[in-house]
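Below are the chains, spelled out letter by letter.
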Amino acid sequence: MKVLEAFQIPIIALEDKSYQYTFEGDDAFFAAFEQDWVEKGHFEVEVDLTKSALMIQVQMKISGSIELICDRSLEAFDHPLDVNEKLIFKYSDHSEDLGDNLFLLDRKEPKLNLSQDIFDFIALEVPMKKLHPRFAAEEDPNAVDVFIYTTERADEKPASTTEEVIDPRWAALQKLKDLK
């Protein structure tokens, strides 16, 4: 994938100090992963790479936006990205993902490929409920178990087919209350 090669950093010739890199991605970046989670967007990644004798620390700041489809109205909208993540690559005799953004990196590896990590961080920013911003303002974040999809209008009362039958004891009490 020619597009993903732009997100590689040649580390074999780097000295032990800090470096800054900037990468940009667009729709071609997301198409290279052959998935339908995120298909369109534009982002910029600022990378601060600190190389030492034992490890490489990578601080990534991803900003931009991705295009999502609203679950309610099926309209496309731009979802903003603001990601700040840190990766640690420790030198070893083999490559392995240890989890929690910690990796073992083979000492003979000539390049550090950040494309998969960038995609993963962007994919984690996709909300579970994708709502257009005009609908997101309607939602109360403190509400629990609120059913928002309904066919009844809020200002209409449901039609009653039978008249309410009032217990005669309660009717007598109601008469006393009305006398006041």
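Residues numbered from 1 in each chain as written. Predicted model: local features only at pLDDT ≥ 70, side-chain atom pairs only at ≥ 80, totals over all residues. Heavy atoms only, no water.

S.K.: Whenever I open this one, the overall build of the protein chain confuses me. Can you help?
M.R.: In terms of helices and strands, the protein chain carries 4 helices and 8 strands. In the protein chain, the succession of α and β elements from N to C terminus is β-β-α-β-β-β-β-β-β-α-α-α. Sorting the 180 residues of the protein chain into buried and exposed places 28% on the buried side. Counting only carbon and sulfur atoms, one obtains 52% of the accessible surface of the protein chain, whose full area is about 13100 Å². (Helix = DSSP H or I, 4+ residues; strand = E, 2+ residues; numbered from the N terminus. Buried < 20%, exposed > 50% of the residue type's maximum accessible area, 1.4 Å probe, protein only. Areas by Shrake-Rupley, 256 points an atom, 1.4 Å probe, with all protein chains shown as cover.)

S.K.: Help me out: how do you make sense of the sheet that holds strand β2 (residues 18–25) in this one?
M.R.: The pairing of strands in a sheet happens through backbone hydrogen bonds and is either parallel or antiparallel. Strands sit in the order β2-β3-β4-β5-β7-β6 across an open sheet of 6 strands; the sheet is mixed. At either margin of the open sheet sits one strand with a lone partner, and together these are β2 and β6 (96–99). In this sheet, neighbouring strand axes are inclined to one another by 20 degrees on average, regardless of whether the strands run parallel or antiparallel. One ladder, built from 5 bridges, connects strand β5 (residues 76–92) with strand β7 (residues 102–106); its direction is parallel. Looking at β7, one finds that Y91 is bridged to L105. Sitting on the sheet, helix α2 (residues 115–124) touches β3 (40–51), β4 (55–69), β5 and β7, and the angle it makes with β4 is about 50 degrees. (Pairing = 2+ DSSP bridges. Axes fitted to C-alpha atoms, helices over the stretch in contact; angles between N-to-C directions. Contact = heavy atoms within 4.5 Å.)

S.K.: Please clarify how the pattern of salt bridges should be interpreted in this entry.
M.R.: Two side chains bearing opposite charge may form a pair once their charged atoms approach each other closely. Within this structure, the stated rule accounts for 2 salt bridges. Across the salt bridge formed by R134 and E75, the nearest N and O atoms sit 2.0 Å from each other. Note that R134 is positioned in helix α3 (residues 133–136) and E75 in the loop between β4 and β5, a separation of 59 residues in sequence. Residue D167 pairs with R169 through a salt bridge whose shortest N-O separation is 2.7 Å. A relative accessible area of 64% places R169 in the exposed class. (Salt bridge = Lys/Arg side-chain N within 4 Å of Asp/Glu carboxyl O.)

S.K.: Explain the nonpolar core here, please?
M.R.: Side chains of a nonpolar character, in soluble globular proteins, are inclined to be buried together. Within the largest apolar cluster, 41 residues are counted, with the highest numbers of intra-cluster contacts made by F43, V58, L114 and I118. Breaking this core down by element, the ones donating at least two residues are β2, α1 (27–31), β3, β4, β5, β7 and α2. (Core = buried A, V, L, I, M, F, W, Y, C linked by side-chain atoms within 4.5 Å.)

S.K.: Would you mind going over a nonpolar patch on the surface with me for this structure?
M.R.: Judged by side-chain polarity, I166, W170, L173, L176 and L179 come together as a nonpolar surface patch covering roughly 630 Å² of accessible area. Within the secondary structure, L176 sits in helix α4 (residues 168–179). (Patch = residues over 30% accessible without salt bridge, like charges linked within 9 Å, V, L, I, M, F, W, Y side chains within 5 Å.)

S.K.: Just checking my understanding: could you explain the side chain of D117 for this structure?
M.R.: Within the secondary structure layout, D117 lies in helix α2. In this structure, D117 is buried with no salt-bridge partner, the nearest side chain bearing the opposite charge being K86 at 15 Å. (Lys, Arg positive; Asp, Glu negative; His and termini not counted.)

S.K.: Even after reading the chapter, I still don't get the pairing of β6, so can you show me in this structure?
M.R.: Regular strands place their side chains on alternate faces of the sheet. Across 3 bridges, β6 lies against β7 in antiparallel orientation. Across the sheet, residue E96 finds its bridge partner in β7, namely L104. Taking the residues between adjacent antiparallel strands as the criterion, β6 and β7 are bridged by 2 residues, where D100 takes a positive phi near 55 degrees.

S.K.: Help me out: how do you make sense of the packing of aromatic side chains in this one?
M.R.: Pairs of aromatic rings are described using the distance from one ring centre to the other and the angle between the two planes. Enumeration over the complete set of coordinates arrives at 11 aromatic pairs. Members of the aromatic cluster, each reached through a chain of ring pairs, are F7, Y21, F23, F29, F30, F33, F43 and F119. (Phe/Tyr/Trp six-rings, centres within 6.5 Å; stacked < 30°, edge-to-face > 60°.)

S.K.: Mind showing me how you'd approach α2 here?
M.R.: Residue pairs spaced three or four apart in an α-helix point in one direction, given the helix's 3.6 residues per turn. By the criterion of burial, α2 is predominantly enclosed, with 7 of the 10 residues buried. Turning to α2, its buried residues are S115, D117, I118, F119, F121, I122 and A123. Tucked into the core, α2 has its buried residues touching α1, β3, β4, β5, β7 and β8 (111–113).

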